[in-house]
Amino acid sequence: MRVLATMRHAAIAWALMSATLFAMPAHASDTPTYWKNNCAGCHGSPVGLTPRFSTPLDSRVLTRRIDLSASGSWLSSRTDLANHINGVNGTMSALATLTPDPEDNTELGNILQYLVDARDAVMPTSVAGFGDTLIGGTDSTVTLQIQNSRFLALSFSVSRSGTDAADFSVSGCGLSGAGTGGSVPAAVLSSTAGIYNPSSCTLTLNFHPSAGATVIRDATLSVTFSGNESGDPPARTGIALQGFARPPLEITVPANGIATFTTSAPNTTANSTVTIKDRVGSSIQICRRSVLPLDGKTHYTLDAPYTLSGDCATVPAASTLPTASSPRTLNVGVTFSPGTVTTPLNAKLEVGPD
């Protein structure tokens, strides 16, 4: 990669912005002990969900299955759950002790969270930002975990959208390259007799920025559940993906890529500084190049320690390798010496690998 700054007888800037999207902490409830001891006999452990197919995959013999996909508002709060218990079936005597003061009842809260998790699946609403990533370098990676409290595995697919969707990829959980075929295993029986723990799988999100001048790369990830017995968890849409694409070499000063030199009188000189950001650390060359028709290449020289040999100066490799977020900074002094020439004299400063 080679970058240019124009020098003329008259500093390329990138805004080094940063932002982070913080992952929301995921929660997932094990099968509550109270549910196991008082509810599982009729409703199952994990909870038996009303089947949606003619041949249910959950073949357990249960007295009652719960339709969470059409739960309405009764899982909105502990009070709503208590009212539902008392209003729908007054014979559930085992829960009588939970309903008199629902908002202060921890066991009722555990059951509420357990049923909501079984209905919805648990996953973050956002993921961490990918940060600075070198174009053509190693991918930046973040992860996203999906948790399942159901008796059966959950099927899902993913899709990416947005201007820079091609810079991001998703893998894991059995997903195909097309984003289909994802699966979260069923809840797992733990060493505590009769208690099921949520199962989970982890999606790996990669950011591999393509070449281009745009620094901030944005896309949106969507996760859609489909084909699941007892109803599908709600789709998760609008999960923001953002990374910062950094070139291996970059001229950050002058900001507009043009260094202007103005002398005060004949046989005087003018000076300017070109700042180079190097994110690879290999040896590089800084060269002066002709610009026609007002070529003044030979009137521009580099200040020490950058000594021209012909038209180029070689910068040794960095002793400490830089990174995409912590580049090596080279401040290159340039001196313009027009002598007695009064017409404009232009040139280019070219920076590239040695």
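Residues numbered from 1 in each chain as written. Predicted model: local features only at pLDDT ≥ 70, side-chain atom pairs only at ≥ 80, totals over all residues. Heavy atoms only, no water.

(A) Looking closely at helix α4 (residues 106-120). End to end, α4 covers 21 Å across 15 residues, agreeing with the expected 21 Å (1.5 Å per residue, within 8%). Taking burial as the measure, the 15 residues of α4 include 11 buried ones, the bulk of the element. Residues of α4 that are buried: Leu108, Gly109, Ile111, Leu112, Tyr114, Leu115, Val116, Asp117, Ala118, Arg119 and Asp120. Its side-chain oxygen at 3.1 Å from the backbone nitrogen of Glu107, Asn105 defines the N-terminal cap of α4. Of the residues trailing α4, Ala121 is marked for its positive phi of about 65°. (Helix = DSSP H or I, 4+ residues; strand = E, 2+ residues; numbered from the N terminus. Expected span 1.5 Å × (residues − 1). Buried < 20%, exposed > 50% of the residue type's maximum accessible area, 1.4 Å probe, protein only. Polar contact = N/O pair within 3.5 Å; in protein donor to acceptor, adjacent residues only side chain to side chain.)

(B) Geometry of the sheet that holds strand β6 (residues 182-184). Taken in spatial order, the 5 strands line up as β2-β11-β10-β4-β6 in an open sheet, and their pairing is mixed. Bordering the open sheet on either side are β2 (132-134) and β6, each of which pairs with just one other strand. Taken pair by pair, the neighbouring strands of this sheet meet at an average axis angle of 40°, ignoring direction. (Pairing = 2+ DSSP bridges. Axes fitted to C-alpha atoms, helices over the stretch in contact; angles between N-to-C directions.)

(C) Spotlight on the packing of aromatic side chains. Applying the stated criterion across every chain, the model contains 8 aromatic pairs. With a centroid separation of 5.4 Å and 55° between ring planes, the pair formed by Phe130 and Phe168 is classed as tilted. Within this pair, whereas Phe130 is found in the loop between α4 and β2, its partner Phe168 is found in strand β5 (residues 168-171), the two being separated by 38 residues in sequence. By relative accessible area, Phe168 is classed as buried at 2%. Look at Phe261 and Tyr300: their rings are 5.4 Å apart centre to centre, the planes differ by 70°, and that puts the pair in the edge-to-face class. Taken together, the positions of Phe261 in the loop between β13 (258-260) and β14 (270-278) and Tyr300 in strand β16 (residues 300-302) put the pair 39 residues apart, joining distant regions of the chain. Lying over the aromatic face of Phe151, Arg60 brings its terminal NZ or CZ to 3.8 Å of the ring centre. (Phe/Tyr/Trp six-rings, centres within 6.5 Å; stacked < 30°, edge-to-face > 60°. Lys NZ or Arg CZ within 6 Å of the ring centre and 35° of its normal.)

(D) Main features of unusual backbone geometry. Omega for the peptide link from Ser45 to Pro46 comes to -5°, which places this bond in the cis form. As for its placement among the helices and strands, Pro46 is situated in the loop between α2 (40-43) and α3 (78-88). Notably, Asn267 is not glycine yet its phi reads approximately 65°, a positive angle. Along the chain, the position of Asn267 falls in the loop between β13 and β14.

(E) Inspection of the pattern of salt bridges at higher detail. Per the counting criterion, the structure on display carries 10 salt bridges. Linking Arg246 and Asp132 is a salt bridge whose minimum nitrogen-to-oxygen distance equals 2.6 Å. Note that Arg246 is positioned in strand β11 (residues 236-246) and Asp132 in strand β2, a separation of 114 residues in sequence. On the basis of relative accessible area, Arg246 is assigned to the buried category, the value being 2%. Judged by relative accessible area, which is 27%, Asp132 ranks as partly exposed. Linked by salt bridges that have partners in common, Asp58, Arg60 and Arg65 make up one network. (Salt bridge = Lys/Arg side-chain N within 4 Å of Asp/Glu carboxyl O.)

(F) Inspection of the state of the cysteines at higher detail. By the definition in use, this model includes 2 disulfides. There is a disulfide in this structure between Cys173 and Cys201, and the S-S distance comes to 2.1 Å. Torsion about the S-S bond of the Cys173 and Cys201 cystine: about 105°, corresponding to right-handed handedness. With a gap of 28 residues between them, Cys173 in the loop between β5 and β6 and Cys201 in strand β9 (residues 199-207) connect regions that are remote in the sequence. Neither Cys173 nor Cys201 differs from the other in exposure class; each is buried. The disulfide partner of Cys287 is Cys312, and the S-S distance across this bridge is 2.0 Å. The sign of the 110° torsion about the S-S bond sets the Cys287-Cys312 disulfide as right-handed. A residue pair is termed long-range when its members are at least 10 positions apart, and Cys287 in strand β15 (residues 284-290) and Cys312 in strand β17 (residues 312-315) qualify at 25 residues. Disulfides within the protein chain link the bonded cysteines, taken in sequence order, as 1-2, 3-4. Cys39 forms no disulfide, and the closest cysteine sulfur to it belongs to Cys42, at a distance of 8.7 Å. (Disulfide = S-S within 2.5 Å.)

(G) Highlighting the sheet that holds strand β3 (residues 140-148). Within the open sheet, the 3 strands sit side by side as β3-β9-β5. Their pairing is antiparallel. A single partner strand is all that each edge strand has here, and the edge strands are β3 and β5. Across the sheet, the mean angle from the axis of one strand to that of its neighbour is 25°, orientation sign disregarded. One ladder, built from 9 bridges, connects β3 with β9; its direction is antiparallel. From the neighbouring strand, Gln147 faces β9, where its bridge partner is Ser200.

All we've got here are geometric facts, nothing functional implied.
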